[in-house]
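Chain by chain, the residues run as shown.
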Amino acid sequence: MTYGDVAEYVGAGTARTVGTVLARFGDEDDVPWHRVIRASGEPNPSAPAEALRRLRADGTPLGRGCDRVDLGRARWDGEAGAAGEAGETGATVSAGGESAVGRVDAAGDQ
């Protein structure tokens, strides 16, 4: 999912809010930060090489010289199992993203 996709899915904030949440909580073990990408398919800007390494390990379809996610094949629409393996990957993203967004809301920092 893109940053904007996550914001839309959880029904709170914007793409920037999601980026802020990942910056604050992305290093926690239960947050798969590398699975949230830019709308261009580019990986997380704070650690792009590590994000790409993890995306490759996940089997995420890449395109454009293997430095961007192929959104046409990998993007998850929020429906469980709707995109096969990408859907399973996205389900983990949404669970982690939803949890982290809730933490920011509770702190009143959104």
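See the structure above.
Report follows, based on the coordinates. Source: prediction; values computed, not measured.

### Overview of the environment of R16
Alright, step 1. Residue placement: R16 occurs in helix 2 (residues 15-25).
Alright, step 2. Distance in space between the C-alpha atoms of R16 and Y3 is 7.4 Å, their sequence separation being 13 residues.

### A few points about the packing of helix 1 (residues 3-10) against helix 2
Alright, step 1. With their axes 7 Å apart at the nearest point, helix 1 and helix 2 run at an angle of 100 degrees to one another. The pairing of helix 1 with helix 2 is recorded here as roughly perpendicular in orientation. In this structure, helix 1 uses Y3, G4, V6 and A7 to contact helix 2, whose residues at the interface are A15, V18, G19 and L22.

### Quick notes on the pattern of salt bridges
Alright, step 1. For the structure shown, the criterion picks out six salt bridges.
Alright, step 2. The closest approach of N and O atoms between E42 and R38, which form a salt bridge, is 3.9 Å.
Alright, step 3. For R38, a relative accessible area of 36% gives the class partly exposed.
Alright, step 4. The salt bridge partner of D70 is R73, with a shortest N-O separation of 3.4 Å.
Alright, step 5. Here D70 falls in the partly exposed class, since its relative accessible area comes to 24%.
Alright, step 6. What you see here is one network of salt bridges that share partners, running through E50, R53 and R54.

### Notes on unusual backbone geometry
Alright, step 1. Positive phi outside glycine occurs at C66, with the angle close to 65 degrees.
Alright, step 2. Looking at where C66 falls in the secondary structure, it is placed in the loop between strand 1 (62-63) and strand 2 (68-69).
Alright, step 3. Of the residues examined, C66 reaches a relative accessible area of 42% and is grouped as partly exposed.

Basis of the calculations
- Numbers given for residues are sequential positions, taken from 1 along each chain in its written order.
- Local features in this predicted model are restricted to residues of pLDDT 70 or higher, and side-chain atom pairs are both shown and tallied only at a pLDDT of 80 or more, whereas totals for entire chains, interfaces and linings draw on every residue.
- Side-chain measures here rest on the full set of heavy atoms in the structure, leaving out hydrogens and waters.
- Helical segments are the DSSP runs of H or I of at least four residues, strand segments are the runs of E of at least two, and each set is numbered from the N terminus.
- Axes here refer to lines fitted to C-alpha atoms; in helices the fit is confined to the stretch in contact. Angles between the N-to-C directions go from 0 to 180 degrees.
- Here roughly perpendicular refers to angles of 65 to 115 degrees, roughly parallel to angles under 35, roughly antiparallel to angles over 145, and oblique to all remaining angles.
- Every residue pair with non-hydrogen atoms within 4.5 Å of one another is taken to be in contact.
- Salt bridge, as used here, is a side-chain nitrogen of Lys or Arg placed within 4 Å of a carboxyl oxygen of Asp or Glu.
- Throughout, exposure labels follow a simple rule: accessible area from a 1.4 Å probe, protein chains only, divided by the maximum for the residue type, with under 20% read as buried, over 50% as exposed, and the rest as partly exposed.

In short, shape yes, function no, at least from these values alone.
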